[in-house]
Amino acid sequence: MKHEDFNFHQHGFVGHLAEPDAGSDRAVIVIMGGEQSLLPGIKFVERFADYGITGLAVSLFGADGIPDAPNQIPLDMFLPAVSYLRSKKHIEHISVYGQSMGSIFAVLVAQYIGGMENLIMVSPTHVPFEGTLKDKKTMTGHSVATWHGEDIPFVRADFSSMKAGKYQKHPAAPHKVTGMWVAYYNAYQNDAAVQKAKLEVEKTGARVLLIAGQEDEAWPAELSVREIERQLKDSGYQKDVKVVIFPHGSHLSGLMPNREREKRLYRMIPLIGLMYKTFGRYRKENLGYFAESEKEIIDWVKA
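Below: a short report on this structure. All figures in this text were calculated on a predicted structure; none of them were measured in a lab.

### Here's the deal with the overall build of the chain
Within the chain, the secondary structure is distributed over eleven helices and 15 strands. The C-alpha radius of gyration of the chain comes to 18 Å, within 12% of the 19 Å expected for a compact globule of 303 residues. Looking at the chain as a whole, 54% of its 303 residues qualify as buried. Considering only residue pairs separated by 6 or more positions, the chain has 71% of its internal contacts joining residues 24 or more positions apart. Charge centroids of the chain, computed over 35 positive and 36 negative side chains, lie 6 Å from each other.

### A short note on the packing of aromatic side chains
Scanning the model with the defined rule gives eleven aromatic pairs in all. Relative to Tyr97, the ring of Phe48 lies with its centre 5.8 Å away and its plane at 75°, an arrangement referred to as edge-to-face. One end of the pair, Phe48, is in helix 2 (residues 41–50); the other, Tyr97, is in strand 6 (residues 93–99), and 49 residues separate them in sequence. Pair check on accessibility: Phe48 and Tyr97 agree, each one buried. When the centroid spacing of 6.2 Å and the interplanar angle of 25° are considered together, the rings of Phe129 and Trp219 count as stacked. Pair noted here: Phe129 is in the loop between strand 7 (118–122) and strand 8 (130–132) and Trp219 is in the loop between strand 14 (207–213) and helix 7 (221–234), with a separation of 90 residues, a long-range link. Phe129 sits in the buried class, given a relative accessible area of 5%. Ring pairing ties together the aromatic residues Phe129, Tyr184, Tyr188 and Trp219, which thus form one cluster.

### Focus on helix 2
In terms of residue burial, helix 2 counts as a mostly covered element, since eight of its ten residues are buried. Considered for burial, the residues of helix 2 that qualify are Gly41, Ile42, Phe44, Val45, Glu46, Arg47, Phe48 and Ala49. The inward-facing, buried residues of helix 2 abut strand 1 (2–6), strand 2 (15–19), strand 3 (26–31), strand 4 (54–58), strand 6 and helix 11 (283–302).

### Brief notes about the sheet that holds strand 5 (residues 73–74)
Spatial ordering of the open sheet is given by 5-10-11, a layout of three strands whose pairing is mixed. Looking along the sheet, the strands with just one partner apiece sit at the ends: strand 5 and strand 11 (150–151). By the bridge criterion, two bridges tie strand 5 to strand 10 (residues 145–147) in an arrangement that is parallel. Bridging across to strand 10, Pro74 finds its partner in Thr146.

### Focus on the pairing of strand 3
Every regular strand shows the same layout, with side chains that alternate between the two sheet faces. Within strand 3, six of the six residues are buried, leaving the element largely enclosed by the surrounding structure. Neither face of strand 3 is open: one carries Arg26, Val28 and Val30, the other Ala27, Ile29 and Ile31, and all of them are buried. As judged from the six bridges shared by strand 3 and strand 6, these two strands associate in the parallel manner. Residue Arg26 lies in a different strand from strand 6, and its bridge partner there is His93. As defined by bridge partners, strand 3 adjoins strand 4 across four bridges and the pair is classed as parallel. Of the residues in strand 4, the one forming a bridge with Val28 is Gly55.

### Concerning the nonpolar core
Counting residues in each nonpolar core, the largest one holds 61 residues, and the members touching the most others are Ile29, Phe78 and Phe105. With seven residues, helix 4 (residues 102–113) is the largest single contributor of residues to this core. Not counting residues up to four positions away in its chain, the partners in contact with Phe105 are Ile31, Leu60, Ile73, Leu75, Phe78, Val144 and Ala145. Membership of the second largest hydrophobic core comes to 33 residues, among which are Leu255, Ile269, Trp300 and Val301.

### Comments concerning the environment of Ala183
Mapping Ala183 onto the fold places it in helix 5 (residues 179–188). With 163 residues separating them along the chain, Ala183 and Pro20 place their C-alpha atoms 42 Å apart. Not counting residues up to four positions away in its chain, the partners in contact with Ala183 are Ala157, Asp158, Phe159 and Met162.

### Brief notes about the sheet that holds strand 15 (residues 241–246)
Judged by pairing direction, the sheet is mixed, and its eight strands sit side by side in the order 1-2-4-3-6-7-14-15 without closing on themselves. Looking at which strands have only one partner, the edges of the open sheet turn out to be strand 1 and strand 15. When strand polarity is set aside, the average angle formed by the axes of neighbouring strands in this sheet is 15°. Lying on the sheet, helix 7 is in contact with strand 7, strand 14 and strand 15; it crosses strand 14 at an angle near 155°.

### Points about helix 11
An ideal rise of 1.5 Å per residue puts 28 Å on 20 residues; helix 11 measures up with 29 Å between its terminal C-alpha atoms. Residues of helix 11 that are buried include every one of Asn286, Tyr289, Phe290, Ser293, Glu294, Ile297, Ile298, Trp300 and Val301, and no others. Taken around the axis of helix 11, the buried residues stretch over an arc of 160°, which confines them to a single face. Facing away from the buried side of helix 11, by more than 90 degrees, are the exposed residues Lys284, Ala291 and Lys295.

The rules behind these values
The numbers attached to residues start from 1 for each chain and follow its sequence in the written order. With pLDDT at 70 or above as the cut-off, local features in this predicted model cover only qualifying residues; side-chain atom pairs require 80 or more to be listed or tallied, and sums for whole chains, interfaces and linings still use all residues. Derived side-chain values reflect all non-hydrogen atoms in the structure, with water molecules and hydrogen atoms excluded from consideration. Numbering of helices and strands runs from the N terminus; a helix is a DSSP stretch of H or I covering at least four residues, while a strand is a stretch of E covering at least two. For the radius of gyration, the atoms used are the C-alpha atoms, and the globule rule reads 2.2 Å times the number of residues raised to 0.38. Using a 1.4 Å probe on the protein chains alone, a residue whose accessible area is under 20% of its type maximum counts as buried, one over 50% counts as exposed, and one in between counts as partly exposed. In this analysis, two residues are considered to be in contact whenever any of their non-hydrogen atoms come within 4.5 Å of each other. Positive charge is attributed to Lys and Arg, negative charge to Asp and Glu, and no charge count is given to His or to the chain ends. One atom stands in for each charge, and that atom is NZ of Lys, CZ of Arg, CG of Asp or CD of Glu. Aromatic pairs are defined between Phe, Tyr and Trp rings, using the six-membered ring for Trp, whenever the two ring centres lie within 6.5 Å; interplanar angles under 30 degrees are classed as stacked, those over 60 as edge-to-face, and all others as tilted. Two strands are said to pair when DSSP picks up at least two bridges between them. What we call a nonpolar core is a set of buried Ala, Val, Leu, Ile, Met, Phe, Trp, Tyr and Cys residues that are connected through their side-chain atoms within 4.5 Å. Axis definition: a line fitted to C-alpha atoms, limited for helices to the stretch in contact. Angles are taken between N-to-C directions and run from 0 to 180 degrees. Multiplying 1.5 Å by the residue count of a helix minus one yields the expected span of that helix. The directions from the helix axis to the C-beta atoms form the arc being described.

This is the structure we're talking about:
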């Protein structure tokens, strides 16, 4: 496969492209998180390329020219990324894939920039949140995302009274969840704020695939999936919509890097189990979910 890297000063965005040697008439914009993520976007676009699909990972923060933290990330930087795929690579069939926080930007790209055939949201939320500084604790009072310099409406999650990574029991969850899960769950109870900030998936015009784990430890992804599903149904949405819920699924879900090529990464799985308790408890099941969700995602993009 062929690779290409992009930097903000030359290209208007930071990203990494993987393209099948024979080229492709389909592309997926992959949105994971920061440039220095534990699971870097390049590994995911390479997996799409394994299936004959060009992948372009766009980093949200953590590189020269873009925010150093998930705060006021300009959606505008996706404009040159989409333009590159259309004008330079001459690809008409473009999908967008967002995992965890990336799901917010996947919807926003499809809604504000448009032209996405497929929208894939894995372990998603249904609202943007308040941005944080590099310490991941200090809230900024601004949205995690902007469009043309203006904050996109957001909901505040209060982390002041809890430790984000500490596991605990919660009456709304049958499994132990993190303090971060509790903060987001509480934020979802503010109906007025949620109504103002909710992601308008029905305005994307894309075929929608929603994937979540029933025992997500990081935030209530299944709740968000069900809310998006209801929202689409109530709006009379005409495009295809599919929901996949894995019964013992962790927050860590969706398409994963090539297992043969990334053996070193997969050797870290025991450490992942320490961070994501559901994954650690149901490791065999979740490894199986990786394979199932990969098939769902690739089939969705190629349909």
